[in-house]
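Chain by chain, the residues run as shown.
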Amino acid sequence: MKSCDHTAPRDWVDNAVRLIDADTQRSADTHLLRYPLPAEWNIQLYLKDESTHITGSLKHRLARSLFLYAICNGWVTEGTTVVEASSGSTAVSEAYFAKLLGLDFVAVMPASTSPQKIALIEAQGGRCHFVRRPPDMYTEAARLAAECGGHYMDQFTHAERATDWRGNNNIAESIFQQMALETNPVPEWIVVGAGTGGTSATIGRYIRYRRHATKLAVVDPENSAFYGGYETGDAGYQTGMPSRIEGIGRPRVEPSFVGQIVDRMFEVPDAASIAAARFASARLGRRVGGSTGTNLWGVFALIAEMLSEGRGGSVVTLLCDGGDRYAGTYFDDAWVSSQGLELAEPTAVLEKFVATGIWDA
């Protein structure tokens, strides 16, 4: 009788899962902030503040899930070099978990990624590998992983399956638990960016599983492929173009995006995302990132619709990361001007909305 044994040593696996679970136990849940709106509107807006994770963004949840998924599948073990295609925040978080487990980490990213994010990855012990064209990230990450005998984490394929969408303290379960004692505990809308597709898939599935009446809206920045894919029904839709809004814009519809559970999509101009990020930062007393601005542009459009229809209720979106990472881009007037962006018009739309509840975008 022949026998073939590829079983990896379990001691390292057991300890790796323990280390990740221990890290989770040391972390509190993220806050649900009230965004100031006129009381007479009878609409409450909440921001799930993911910037308070130890690595500073929503991607901390994803990175934790991806590492557990890869370890429990036997793809990552002692000495494995982990490689990821990432424009920034996922790489920061994955670098953190790789360092926690004593693993080497390489992030493959566009050369245009902000210096602040590159510094954050390197501060966690990660190494950055750059490509000229954003669509080349995927093949280059796979090539590097194969070359060194490592593992390509592939967040864009595995994001929607690495997280337990039925609960287990995922972001959707956390939102509904934190909303339980609010005036309108079941939101009319939850609004998120497309990103990898994992967050929208988790929230959309959870809404259906728990039979909530909440609807899911997804926002997408210009040049990104998700809106076009949703509009045409083409899962292979591509723009091949880079996005200025790091972390959510993609040149192709990613495998983790599940459009069938999205109730509505908005395409948001980059000038609007940046103007909304600045606008919200002034009102919250702290800087928020560009993807949060994209979220809020869609949120305000939906709230204006609710007002025009005489409906009250609550809306929830994500504060994805802090704006200090973008001091040299979204909050730098010289950079904005160099991109040919004008913020005056979208800022006027935001100011009119706050004053009147009318959305003239």
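Residues numbered from 1 in each chain as written. Predicted model: local features only at pLDDT ≥ 70, side-chain atom pairs only at ≥ 80, totals over all residues. Heavy atoms only, no water.

**Student:** Explain helix α4 (residues 115-123) to me, and be specific about the residues and the numbers.
**Tutor:** Restricting attention to buried positions, one finds in α4 the residues Lys 117, Ile 118 and Ile 121. Angular distribution of buried residues about the axis of α4 spans 105 degrees; they occupy a single face of the element. Those residues of α4 that are exposed and aimed more than 90 degrees away from the buried face are Pro 115 and Ala 123. The inward-facing, buried residues of α4 abut α3 (89-101), β4 (105-110) and β5 (127-131). (Buried < 20%, exposed > 50% of the residue type's maximum accessible area, 1.4 Å probe, protein only. Helix = DSSP H or I, 4+ residues; strand = E, 2+ residues; numbered from the N terminus. Arc of directions from axis to C-beta. Contact = heavy atoms within 4.5 Å.)

**Student:** For unusual backbone geometry, give the residues involved together with the corresponding values.
**Tutor:** A positive phi angle is found at Arg 211, which is not glycine, with a value near 60 degrees. For Arg 211, the position within the fold is in the loop between α8 (198-209) and β8 (215-221). Notably, Asn 223 is not glycine yet its phi reads approximately 75 degrees, a positive angle. Counting through the fold element by element, Asn 223 comes out in the loop between β8 and α9 (226-232). In this structure Asn 223 comes out as partly exposed when scored by relative accessible area, which is 24%.

**Student:** Go over empty space enclosed by the protein, please, and point to the residues and values.
**Tutor:** Summed over the entire model, instances satisfying the criterion amount to one cavity of 30 Å³ or more. Taken as a whole, the largest cavity holds about 70 Å³ of empty space. Among the elements of the structure, α3 and α6 (155-162) are those that each provide at least two residues to the lining of the largest cavity. (1 Å grid on protein atoms, 1.4 Å probe; cavity = no way out; pocket = protein on both sides within 12 Å on 5 of 7 lines; lining within 4 Å. Points joined across faces, edges and corners; volume = space filled by probe spheres on them.)

**Student:** Can you lay out the sheet that holds β5 for me, pointing to particular residues and giving the numbers?
**Tutor:** Adjacent strands of a sheet form backbone hydrogen bonds with each other and so pair up, either parallel or antiparallel. The sheet built from four strands is open, its strands ordered β5-β4-β3-β6 with parallel pairing. Either end of the sheet is taken by a strand with one partner, and the two such strands are β5 and β6 (151-152). (Pairing = 2+ DSSP bridges.)

**Student:** Which residues make up the nonpolar core, and what are the values?
**Tutor:** If you look at soluble globular proteins, the nonpolar side chains tend to sit buried side by side. Residues Leu 45, Phe 300, Ile 303 and Trp 359 are the most contacted members of the largest nonpolar core, which totals 45 residues. The dominant element in this core, judged by the number of residues it contributes, is helix α11 (residues 290-308), at nine residues. Leu 45 has contacts with Leu 33, Arg 34, Tyr 35, Leu 37, Leu 296, Val 299, Phe 300, Ile 303, Val 315 and Thr 317, leaving out every residue within four places of it along the chain. Within the second largest apolar cluster, 29 residues are counted, among which are Ile 20, Ala 107, Met 153 and Ala 159. (Core = buried A, V, L, I, M, F, W, Y, C linked by side-chain atoms within 4.5 Å.)

**Student:** Mind laying out the packing of helix α1 (residues 10-25) against α3, listing which residues take part and the relevant values?
**Tutor:** In contact at an axis separation of 10 Å, α1 and α3 are set at 130 degrees when each is read in the N-to-C sense. Overall, the two elements α1 and α3 adopt an arrangement that is oblique. Here α1 runs over α3; the crossing is right-handed. When α1 is examined against α3, the residues Trp 12, Ala 16, Leu 19, Ile 20 and Asp 23 are found in contact with a partner set consisting of Tyr 96, Phe 97, Leu 100 and Leu 101. (Axes fitted to C-alpha atoms, helices over the stretch in contact; angles between N-to-C directions. Parallel < 35°, antiparallel > 145°, perpendicular 65-115°, else oblique. Left-handed = near helix turned anticlockwise from the far one by under 90°.)

**Student:** Can you explain the packing of aromatic side chains? Please cite residues and give values.
**Tutor:** The description of two aromatic rings rests on the distance between their centres and on the angle between their planes. Under the counting rule described, the total for this entry stands at 15 aromatic pairs. Considering the side-chain rings of Tyr 138 and Phe 156, the 5.7 Å spacing of their centres and the 70 degrees angle between planes classify their relative orientation as edge-to-face. Of the two residues, Tyr 138 sits in helix α5 (residues 137-148) while Phe 156 sits in helix α6, which places them 18 residues apart along the sequence. Considered together, Tyr 138 and Phe 156 belong to a single accessibility category, that of buried residues. Through a chain of ring-to-ring contacts, three or more aromatic side chains come together here, namely Tyr 35, Trp 41, Trp 297, Phe 300, Phe 353 and Trp 359. Its end group placed over the ring of Trp 165, Arg 166 keeps NZ or CZ at 5.4 Å from the ring centre. (Phe/Tyr/Trp six-rings, centres within 6.5 Å; stacked < 30°, edge-to-face > 60°. Lys NZ or Arg CZ within 6 Å of the ring centre and 35° of its normal.)

The values are spatial; any link to function lies outside them.
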